[in-house]
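# Structural features, examined
Chain by chain, the residues:
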Amino acid sequence: MIHVCPLSRLHETVLNTGALHIVTMLRDADRMQRPRHVPPTNHLVLSMDDISQPMDGYVPPSEEHILKLLDFLKLWDRSRPLVVHCLAGISRSTAGAFVAACALNPQRSEAAIARAIREASPTAVPNRMFVKLADEVLGRNGRMVAAIEAIGAGQAALEADPFHITLE
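Remember, predicted model here, so these are calculated numbers, not experimental data. (Residues numbered from 1 in each chain as written. Predicted model: local features only at pLDDT ≥ 70, side-chain atom pairs only at ≥ 80, totals over all residues. Heavy atoms only, no water.)

## Side note on the packing of helix α3 (residues 92-104) against helix α4 (residues 110-120)
Two quantities define a packed helix pair, namely the angle between the axes and the distance from one axis to the other. Quick reminder of the rule: Each axis is a line fitted through C-alpha atoms, taken for helices only over the stretch in contact, and angles between the N-to-C directions span 0 to 180 degrees. Numbered from the N terminus, helices here are DSSP runs of H or I no shorter than four residues, and strands are runs of E no shorter than two. Helix crossings fall into two classes, left-handed where the near helix is turned counterclockwise from the far one by less than a right angle and right-handed where it is turned clockwise. Any pair of residues with heavy atoms lying within 4.5 Å of one another is described as a contacting pair. Each residue gets one label: Ala, Val, Leu, Ile, Met, Phe, Trp, Tyr, Cys and Pro are nonpolar, Asp, Glu, Lys and Arg are charged, and the others, such as Gly, are polar.
At a minimum axis distance of 10 Å, the contact between α3 and α4 shows a crossing angle of 140°. Between α3 and α4 the crossing geometry is right-handed. Contacts between α3 and α4 involve Thr94, Phe98, Ala101 and Cys102 on the former and, on the latter, Glu110, Ile113, Ala114 and Ile117. Residues of the contact of α3 with α4, tallied by class, amount to 6 nonpolar, 1 polar and 1 charged.

## Topic: the pattern of salt bridges
The condition is simple: Counted as salt bridges are all cases of a side-chain nitrogen of Lys or Arg within 4 Å of a carboxyl oxygen of Asp or Glu. Buried, partly exposed and exposed residues are distinguished by accessible area as a fraction of the type maximum, computed with a 1.4 Å probe on protein chains only: under 20%, between the cut-offs, and over 50%, respectively.
Throughout the structure, instances matching the rule amount to 9 salt bridges. Between Asp161 and Arg9 there is a salt bridge, and its shortest N-O distance comes to 3.8 Å. In this pair, Asp161 is assigned in the loop between α6 (143-151) and β5 (163-165) and Arg9 in the loop between β1 (2-6) and α1 (10-17), connecting sequence segments 152 residues apart. Residue classification places Asp161 among the exposed positions, given a relative accessible area of 57%. As a salt-bridge pair, Asp71 and Lys74 come within 3.7 Å of each other at their nearest N and O atoms. Taken together, the residues Asp71 and Lys74, both in helix α2 (residues 63-75) and 3 residues apart, mark about one turn of the helix. Taken together, the shared-partner salt bridges connect Arg9, Glu12 and Asp161 into one network.

What follows is the structure, encoded as structure tokens:
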């Protein structure tokens with residue numbers, strides 16, 4: 001199971017779910033403190049801004065971020081949940097969870113995974129740039145991008161409630 005939350009709910013979500021693996025998707029990762037019971041080797045930090053196209057002074061999602069996430073997922077034994085978070089729990093983290101679910105479930109349709117995210121969170125807006133890069137790396141031929149576009153932009157919010165998606 002993959003749980004998604006904002007930074008403000010990270011410790012609570014990790015504690016409530018029993019997760020031992022965390023993906024942090026923040027440019028300024030020094031803004032967060034890893035829960036003490038989570039070993040550093042079980043914590044991936046992907047330093048990036050929440051942008052959907054390159055902008056001066058910002059760190060965009062990159063292929064390197066995708067490859068690091070995919071490598072980290074190989075180390076996750078799935079015996080306990082994974083928590084993916086960003087600042088608000090709306091864009092970067094939902095994109096990370098979507099990419100993880102697609103990578104771990106190659107037989108499941110991208111559209112079904114995107115719909116599961118939408119059903120779990122009306123505020124989810126997966127970062128299109130991160131998803132597009134993952135679509136290319138995973139060889140999904142545009143299906144991942146089409147799936148997130150099909151679920152729409154979601155409801156406006158400053159911060160999302162934590163949610164989870166089940167891996168099938």
